[in-house]
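Structural features, examined
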Amino acid sequence: MNPDAIEDAIAEAERRLAISDRDVRASTQHFVTSVRAVCREWGLTAERWLDGGAGTLALAVTREDGNAGVLKIAEPGRLDTAARVMGAADGHGYARVLAWDANRGALLTERLGHALWAEASTVAQQAELTLPLLQGAWRVSLECGSPFTGKASGLLAILADLGPRYGHRHPDVLAQATRYAKELAASERPEVVCHGDPHAGNVLRNGQGWALIDPDGFVGERAYDLGVVLRDACGEIVAAEESESGSGVTLLRKECRRLAELADADPQRVWRWAFVERVTTALYLRWHGYGDESATFLDTAAILSR
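All of these numbers come straight from a predicted model, not from anything done at the bench.

What counts, and where the lines are drawn
Residues numbered from 1 in each chain as written. Predicted model: local features only at pLDDT ≥ 70, side-chain atom pairs only at ≥ 80, totals over all residues. Heavy atoms only, no water. Salt bridge = Lys/Arg side-chain N within 4 Å of Asp/Glu carboxyl O. Helix = DSSP H or I, 4+ residues; strand = E, 2+ residues; numbered from the N terminus. Buried < 20%, exposed > 50% of the residue type's maximum accessible area, 1.4 Å probe, protein only. Pairing = 2+ DSSP bridges. Domains from an automatic or database assignment. Contact = heavy atoms within 4.5 Å. Polar contact = N/O pair within 3.5 Å; in protein donor to acceptor, adjacent residues only side chain to side chain. Nonpolar A, V, L, I, M, F, W, Y, C, P; charged D, E, K, R; others polar. Axes fitted to C-alpha atoms, helices over the stretch in contact; angles between N-to-C directions.

Here's the deal with the pattern of salt bridges
Applying the stated criterion across every chain, the model contains 23 salt bridges. With its nearest N and O atoms 2.9 Å apart, the salt bridge here joins R15 to E12. You can see R15 and its partner E12 sitting in helix α1 (residues 5-19), 3 residues apart, about one turn around the helix. Judged by relative accessible area, which is 38%, R15 ranks as partly exposed. A salt bridge links K72 to D214; the nearest nitrogen and oxygen atoms lie 3.0 Å apart. Placement of K72 in strand β3 (residues 68-73) and of D214 in the loop between β8 (209-212) and β9 (219-220) is noted, with a sequence separation of 142 residues between them. Accessibility expressed as a relative area gives 29% for D214, which makes it partly exposed. Through salt bridges that share partners, R189, E191, E221, R222 and R269 make up one connected network.

This is the structure:
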């Protein structure tokens, strides 16, 4: 065990605050002032903070019974939907919830293994393993998710707000993402409780299988989640394009059609969601201070927009 694990986690939270253009002072302060008390009252021994993600810091912990868990602490209200959705899923598609304190915004889940991208390096492999988890997760009752408001309208707001700040190198990409988002907003419909961010880093090894973590848990359409599955793969797309012009686009188009067919979704909507998400993710990463990662997403979007 690391006796300085909580101090290390606080230092990391403060580092993220320092590099972020987003004002996360309140959430950082809440974590700093709450983490020791939550660990003490729940009988948790902190081991280390967990890498990955630009949002809420996660802490690897051990319970008094020796079982491993993951602790997240956010401002009250921020994790309510995730706790409700994962609790309703009861281990189907998602990691299990071990404890939840809504007043403190503290969520303890079972600790799983490594992320999917450690075993599946291609978008096709990742999609094949993620789709069954999503199909299980989509069975959660719509009443458990955040009410339907239309995801595309929120992405349009990101494009309008952060696009001029961070996307000026790729005006054509921003324009195309905006067109796609407007088309999606005009016809978006409530179908399932979406995970909201089912990339390979949010799919973790669970024994002989896999499980999803960190759902956004809003009511939306299946094509949105499928688009996020196809959102990354930047290195794979760039490598394909360098080998043969147009092959990166062909690769992603093929996987888009395959996923849409398996999930009974419209491939054009999946493609549009994937593109808009790629661009807004780039802007969001830059907002949080991850400039290199942001540039990679925008450069890849430029390839796909040709």
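Following the structure, the description resumes.
Regarding unusual backbone geometry
For D90, which is not a glycine, the phi torsion comes out positive at approximately 55 degrees. As for its position among the elements, D90 is in the loop between α3 (80-89) and β4 (97-101). We classify D90 as partly exposed; its relative accessible area is 45%.

As for the pairing of strand β7 (residues 203-206)
Bridge count for β7 against β8 is 4 bridges, and the pairing is antiparallel. Paired with V203 across the bridge in β8 is L212. Linking two consecutive strands that pair antiparallel, namely β7 and β8, is a turn of 2 residues; a positive phi of about 65 degrees is found at G207 within it.

Re the domain arrangement of the protein chain
In many analyses, interface size is given as the accessible surface area lost on bringing the parts together. Domain annotation of the protein chain identifies domain 1 (3-111) and domain 2 (115-304). Using C-alpha coordinates to define each centre, domain 1 is positioned 25 Å away from domain 2. Taken residue by residue, the interface counts 20 residues in domain 1 and 24 residues in domain 2. At the junction of domain 1 and domain 2, the tally comes to 2 salt bridges. In this structure, R286 engages D21 in a salt bridge whose closest nitrogen and oxygen atoms are separated by 3.4 Å. For the interface between domain 1 and domain 2, the tally reads 12 residue pairs in polar contact (both at pLDDT 80 or more). It is α3 that contributes the most residues to the side of domain 1 that touches domain 2, 7 residues altogether. Split by residue class, the side of domain 1 that touches domain 2 holds 9 nonpolar, 5 polar and 6 charged.

A look at the sheet that holds β3
Read from one edge of the open sheet, 5 strands run β1-β2-β3-β5-β4, paired in antiparallel fashion. Among the strands making up the open sheet, the edge pair consists of β1 (45-50) and β4. Within this sheet the neighbouring strands show an average axis-to-axis angle of 25 degrees, counted without direction. Pairing geometry for β3 and strand β5 (residues 106-110), over 5 bridges, is antiparallel. Within β5, the residue paired with K72 across the bridge is L107. Of the strands in this sheet, β1 and β2 (58-62) touch α1, which is tilted by about 30 degrees from β1. Against the sheet, helix α2 (residues 25-41) engages β2, β3 and β5, with an angle of about 145 degrees to β3.

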